[in-house]
Amino acid sequence: MSAADFDSRNYSKRLVAVGFSAEQADLQAEVTGEVMKEVAVLSLTVEAQQSRQQPERQWLAAKIDRAVDILNGRIDRVYDEFNVKIDRVTEALDAKIDRAAAELNEKIDRAAAELDAKIDRVAAELDAKIDRVAMGLDAKIDRVAAELNEKVDRVAAELTAKIDCVAAELNAKIDHVAADLNSKIDHVAADLNAKIDHVAAELSKEFCVKLDAVKKSNLRWTLAIVATISSVQTGVTLAALQYLR
């Protein structure tokens with residue numbers, strides 16, 4: 001590379017590529033550019049004075065070449081040093097990343113194991129609570145069922161006793177009514193027969209046929225009354241049975 005062909009931007013990019021910071025690369029490129037400008041000026045001066053100062057020109061050219069060689073050697077050394085440094089940093093970062101990943105995996109495994117154990121404990125506690133609640137509900141249901149059965153039995157016994165009492169009262173009333181009706185019917189029939197006999201004894205024989213007819217008529221009337229009373233008794237009995245049901 002000649003002094004005239006020196007490109008400070010490309011030089012700065014090369015320095016950044018080997019690990020220099022942007023500020024360091026710009027400063028180094030600026031300094032190197034100034035040096036290369038001075039070298040270019042010296043080269044022009046040498047060329048201008050070449051015809052007059054051939055020995056000096058050769059000396060300056062040799063000096064410039066040495067300076068360029070020194071700079072190139074310096075750049076190569078810096079580039080190699082930074083490559084080595086970058087390799088060491090890369091290896092250190094890789095090792096650090098591997099350690100961090102291993103630690104994270106261990107933490108994740110421990111956290112997962114703790115969560116699994118906690119879930120198992122909570123599930124066991126919930127199962128135990130559910131079993132206790134179920135047992136309590138079963139016992140409570142049994143107690144309520146027993147109480148309901150006792151209440152049903154008491155109500156059934158009370159209803160049965162009331163029904164029996166009502167039935168006995170109805171039967172007694174029916175018997176009393178039937179006895180009263182039979183007594184009244186017998187009394188009415190006896191009165192009618194006595195009256196008929198008395199009337200028959202006083203009436204003349206010419207009314208015997210009519211009197212017999214009247215007796216028959218009264219007998220039919222008596223039978224109708226008896227039938228009515230029997231119907232009333234039957235209706236009362238049926239009503240009592242319906243009530244008992």
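Caption draft 1: Looking closely at the overall build of the protein chain. Of regular secondary structure, the protein chain possesses 4 helices and 0 strands. The secondary structure elements of the protein chain, listed N-terminal to C-terminal, are α-α-α-α. Contacts in the protein chain between residues at least 24 apart in sequence constitute 59% of all its contacts with a sequence separation of at least 6. Within the structure as shown, the protein chain displays about 19,000 Å² of accessible surface, and the carbon and sulfur contribution to it stands at 60%.

Caption draft 2: Seen up close, the nonpolar core. Core analysis: the biggest nonpolar cluster contains 9 residues, these being Tyr 11, Leu 15, Val 18, Phe 20, Ala 25, Ala 29, Ile 75, Val 78 and Phe 82. Counting residues per element, the ones that place at least two in this core are helix H1 (8-17), helix H2 (22-48) and helix H3 (54-202). Top contributing element to this core by residue count: H3, with 3 residues. Non-local contacts of Phe 20, meaning those with residues more than four positions away in its chain, are made with Leu 15, Ala 25, Val 78 and Phe 82.

Caption draft 3: Just the confidence of the model for the protein chain, in detail. On average, residues of the protein chain score 76 in pLDDT, and 71% of them reach the 70 mark or higher. H3 holds the highest mean pLDDT among the elements of the protein chain, 81, whereas helix H4 (residues 208-244) holds the lowest, 64.

Caption draft 4: Structural context of a nonpolar patch on the surface. On the surface, a nonpolar cluster with roughly 270 Å² of combined accessible area is contributed by Val 89, Leu 93 and Ile 97. Examined against the element boundaries, Val 89 turns out to sit in helix H3.

Caption draft 5: Quick look at H1. Three or more residues of H1 are buried, namely Tyr 11, Ser 12 and Leu 15. Taken down its axis, H1 places every buried residue within 100° of arc, on the same side. Those residues of H1 that are exposed and angled more than 90 degrees off the buried face are Arg 9, Lys 13 and Ala 17. Among the residues trailing H1, Gly 19 stands out with phi positive, at a value near 120°.

Caption draft 6: Just a negative patch on the surface, in detail. A cluster of acidic residues, Glu 23, Asp 26, Glu 30, Glu 34 and Glu 38, forms a negative patch at the surface. Tracing the backbone shows Glu 38 in helix H2. Overall, Glu 38 belongs to the exposed group, its relative accessible area being 52%.

Procedures and definitions
Residues numbered from 1 in each chain as written. Predicted model: local features only at pLDDT ≥ 70, side-chain atom pairs only at ≥ 80, totals over all residues. Heavy atoms only, no water. Helix = DSSP H or I, 4+ residues; strand = E, 2+ residues; numbered from the N terminus. Contact = heavy atoms within 4.5 Å. Areas by Shrake-Rupley, 256 points an atom, 1.4 Å probe, with all protein chains shown as cover. Core = buried A, V, L, I, M, F, W, Y, C linked by side-chain atoms within 4.5 Å. Buried < 20%, exposed > 50% of the residue type's maximum accessible area, 1.4 Å probe, protein only. pLDDT = per-residue confidence, 0-100. Patch = residues over 30% accessible without salt bridge, like charges linked within 9 Å, V, L, I, M, F, W, Y side chains within 5 Å. Salt bridge = Lys/Arg side-chain N within 4 Å of Asp/Glu carboxyl O. Arc of directions from axis to C-beta. Lys, Arg positive; Asp, Glu negative; His and termini not counted. Charge placed at Lys NZ, Arg CZ, Asp CG, Glu CD.

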